Amino acid sequence: MGVARYWREIPARYNLIGKKCGVCGKVYFPPRIVCPKCRRKSIGKMEDYKLSGKGTVESFTVIRVPPPEFEGKSPYVMALIKMDEGCYLTGQIVDCSIDEVHIGMRVEACLRRIQEDGKRGAIYYGYKFRKAKE
Amino acid sequence: MREVAIIGIGMTKFGELWDKSFRELVAEAGIQAILDAGIEGEEIDALYLGGMSTGRFIGQEHVGPLAVEVAGLEDLHLPATRVEAACASGGVAMHQGFLAVASGMYDIVVVGGAEKMTDVVGGEATNILASAADREWESFFGVTFPGLYALMAKYHMHKYGTTQEQLAMVAVKNHYNGSMNPKAQFRRKISVEDVLKSPLVADPLHLLDCSPITDGAAAAILTPLDIAKKYTDKIVKIRASALACDTLSYHGRKRFDSLPAAVEAAKRAYKMAGIEPKDVDLAEVHDCFTIAEIIAIEDLGFVEKGKGGKATEEGLTALDGEIPVNTSGGLKAKGHPVGATGVAQINELVMQLRGEAGERQVKDATIGLAHNVGGSGGTAVIHILEAI
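Residues numbered from 1 in each chain as written. Chains lettered and ligands numbered in written order. Predicted model: local features only at pLDDT ≥ 70, side-chain atom pairs only at ≥ 80, totals over all residues. Heavy atoms only, no water.

Remarks on the packing of aromatic side chains
(1) Moving on: For the structure shown, the criterion picks out 17 aromatic pairs over all chains.
(2) Moving on: Ring plane angle 20 degrees and centroid distance 4.4 Å describe the contact between Y127 of chain A and F141 of chain B, whose orientation is recorded as stacked. Linking Y127 of chain A in strand β8 (residues 123-131) with F141 of chain B in the loop between α5 (124-129) and α6 (145-160), this pair reaches from one chain into another. In terms of burial, Y127 of chain A and F141 of chain B fall into one category: buried.
(3) Moving on: The interplanar angle of 90 degrees and the centroid separation of 5.0 Å between the aromatic rings of F140 of chain B and F141 of chain B together place this pair among those described as edge-to-face.
(4) Moving on: We classify F140 of chain B as buried; its relative accessible area is 4%.
(5) Moving on: Judged by its relative accessible area of 1%, F141 of chain B falls in the buried class. (Phe/Tyr/Trp six-rings, centres within 6.5 Å; stacked < 30°, edge-to-face > 60°. Helix = DSSP H or I, 4+ residues; strand = E, 2+ residues; numbered from the N terminus. Buried < 20%, exposed > 50% of the residue type's maximum accessible area, 1.4 Å probe, protein only.)

The structure is reproduced here in structure tokens:
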């Protein structure tokens with residue numbers, strides 16, 4: 001896969017920059033092109049919006065059989081996370097034992113290596129989550 | 001809109017069919033259906049073929065003409081359309097076939113579904129299936145397809161107290177039903193203990209909570225109801241065909257304990273058929289993972305939200321229960337050649353409604369429902385069939 005595909009997602013994947021609807025104020029992450037509430041009215045009014053990175057685990061699973069790009073990295077925890085801004089995303093929970101992860105756990109985003117394009121290809125980074133310090 | 005009937009069905013055996021190519025599978029199911037309907041090739045007006053990822057499974061796109069060629073119908077220059085909606089490709093192909101006949105455009109339509117999944121090796125099949133999820137915002141970060149359903153399972157268990165044993169009971173029931181289906185991939189009965197002792201794939205889902213990788217094809221012949229009588233006296237009418245979509249990603253949904261697209265498709269289908277959930281005699285639902293069947297029977301209104309696990313435990317959906325679910329063995333035991341599944345569900349319902357299901361026949365079955373889902377719920381198709 002060409003690197004442009006990953007490069008163009010850098011703002012969202014490195015810095016959690018989503019979109020905020022300029023009409024109703026709702027925040028979207030992953031970024032959306034049109035607000036599903038305001039639709040036509042939101043065209044051209046979706047503004048960049050940086051998330052706080054803080055959120056709560058709504059559900060989680062331990063991946064024991066990983067996809068090829070994650071070979072050798074299992075078991076690892078993937079979670080459905082509700083961000084404090086109200087949007088949801090899917091991310092990995094790191095820096096704690098699997099047993100510590102629970103529904104309702106407070107987490108914060110950190111920048112980590114996600115996967116790489118084979119042994120010689122580009123390394124792709126993005127957000128993962130760890131236990132919140134607060 | 002014209003009323004539409006199914007006058008013929010066909011299906012290959014499901015399983016790891018090393019000796020059969022994609023072409024042979026498509027031909028076998030199609031020919032069976034054409035012979036079952038008693039139609040001639042020249043009578044066919046159009047063909048719709050469901051296939052999720054022929055391009056990645058066998059390196060072959062453009063499978064519409066492939067189907068025309070294997071059927072030997074190229075001299076008719078038959079209009080053939082390949083339909084893709086991940087694991088709901090077959091169901092959406094049925095919906096397209098239904099629309100084509102109902103609209104008056106075509107009189108005799110062949111609907112097929114096929115997938116050849118075992119020509120790729122290692123984890124490649126799993127990787128291809130992951131393309132039914134959101135590649136940029138789900139799969140990229142390491143979540144697998146079983147992983148998404150595991151998130152659903154964990155959420156459901158936390159909110160409603162659904163247990164691992166109840167999940168396992170779905171697999172046990174479907175393997176029991178599959179043991180009576182000569183075309184099923186798995187024909188051995190299993191126990192709750194077998195499921196819980198099988199390796200974890202994505203907690204809380206064990207290997208035996210997951211549907212397998214399967215080769216197979218299925219087909220059905222659709223005609224307007226008024227000409228169906230010319231071909232058969234065992235007519236099955238399509239009372240409803242409804243399609244609904246949602247966000248591609250699971251995290252983008254409004255609810256996490258339900259598939260809102262399936263709820264909406266069911267609502268549309270019940271309205272179209274003029275029936276209620278209690279009128280359904282049996283259902284084939286999309287049990288790609290055991291949790292999916294529990295959520296399905298809730299979404300379809302057979303039980304209240306949150307009560308699917310308990311209802312399964314109490315035998316509501318067993319072969320001798322109030323609403324037998326997945327009498328074919330479901331995706332779990334019959335197998336899940338993704339593009340074929342939606343059409344295979346229709347095959348089972350037609351067999352049941354004609355009274356041809358043998359050992360697993362549901363007594364006095366008149367109304368059957370098929371629930372076919374793409375991805376983690378981005379697409380849902382519901383068909384309601386009636387024996388007349």
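Some remarks on unusual backbone geometry
(1) Moving on: Backbone torsion omega between S74 of chain A and P75 of chain A reads 0 degrees, so that peptide bond is classified as cis.
(2) Moving on: Looking at the secondary structure, you find P75 of chain A in the loop between β4 (54-63) and β5 (76-83).
(3) Moving on: Backbone torsion omega between D203 of chain B and P204 of chain B reads 5 degrees, so that peptide bond is classified as cis.
(4) Moving on: Phi angles above zero are rare outside glycine, and D95 of chain A is one such case at about 65 degrees.
(5) Moving on: Checked against the element boundaries, D95 of chain A lands in the loop between β6 (88-93) and β7 (106-116).

Regarding the interface of chain B and chain A
(1) Moving on: Taken residue by residue, the interface counts 26 residues in chain B and 36 residues in chain A.
(2) Moving on: A per-residue breakdown of the area chain B buries against chain A is headed by W137, F140 and F141 of chain B, which together make up 29% of the total.
(3) Moving on: On the surface where chain B and chain A come into contact, there are three salt bridges.
(4) Moving on: Two residues, R5 of chain A and E136 of chain B, come together in a salt bridge whose shortest N-O distance is 2.7 Å.
(5) Moving on: Along the contact surface separating chain B from chain A lie twelve residue pairs in polar contact (both at pLDDT 80 or more).
(6) Moving on: At six residues, the largest contribution of residues to the side of chain B that touches chain A is made by α6 of chain B. (Contact = heavy atoms within 4.5 Å. Buried area = accessible area lost by both parts, 1.4 Å probe. Salt bridge = Lys/Arg side-chain N within 4 Å of Asp/Glu carboxyl O. Polar contact = N/O pair within 3.5 Å; in protein donor to acceptor, adjacent residues only side chain to side chain.)

Focus on the confidence of the model for chain B
Reading fine detail from the predicted coordinates is not recommended where pLDDT is low.
(1) Moving on: With 100% of its residues at a pLDDT of 70 or more, chain B has an overall mean of 97.
(2) Moving on: On the interface metric, ipTM, the complex scores 0.98, and its pTM is 0.98. (pLDDT = per-residue confidence, 0-100.)

Looking at the nonpolar core
(1) Moving on: Counting 99 residues, the largest nonpolar core has F29 and I93 of chain A together with Y149, Y270, I291 and I384 of chain B as the members making the most contacts within it.
(2) Moving on: Counting residues per element, this core draws most heavily on α6 of chain B, at nine residues.
(3) Moving on: When residues are assigned to domains, this core turns out to be shared by domain 1 (4-122 + 214-236) and domain 2 (128-211 + 238-387) of chain B, each giving three or more.
(4) Moving on: Not counting the four nearest positions on each side in its chain, Y149 of chain B is found in contact with L205, C288, F289, I291, A292, V373, G375, S376 and G377 of chain B.
(5) Moving on: Membership of the second largest hydrophobic core comes to 38 residues, among which are V111, L222, V236 and V350 of chain B. (Core = buried A, V, L, I, M, F, W, Y, C linked by side-chain atoms within 4.5 Å. Domains from an automatic or database assignment.)

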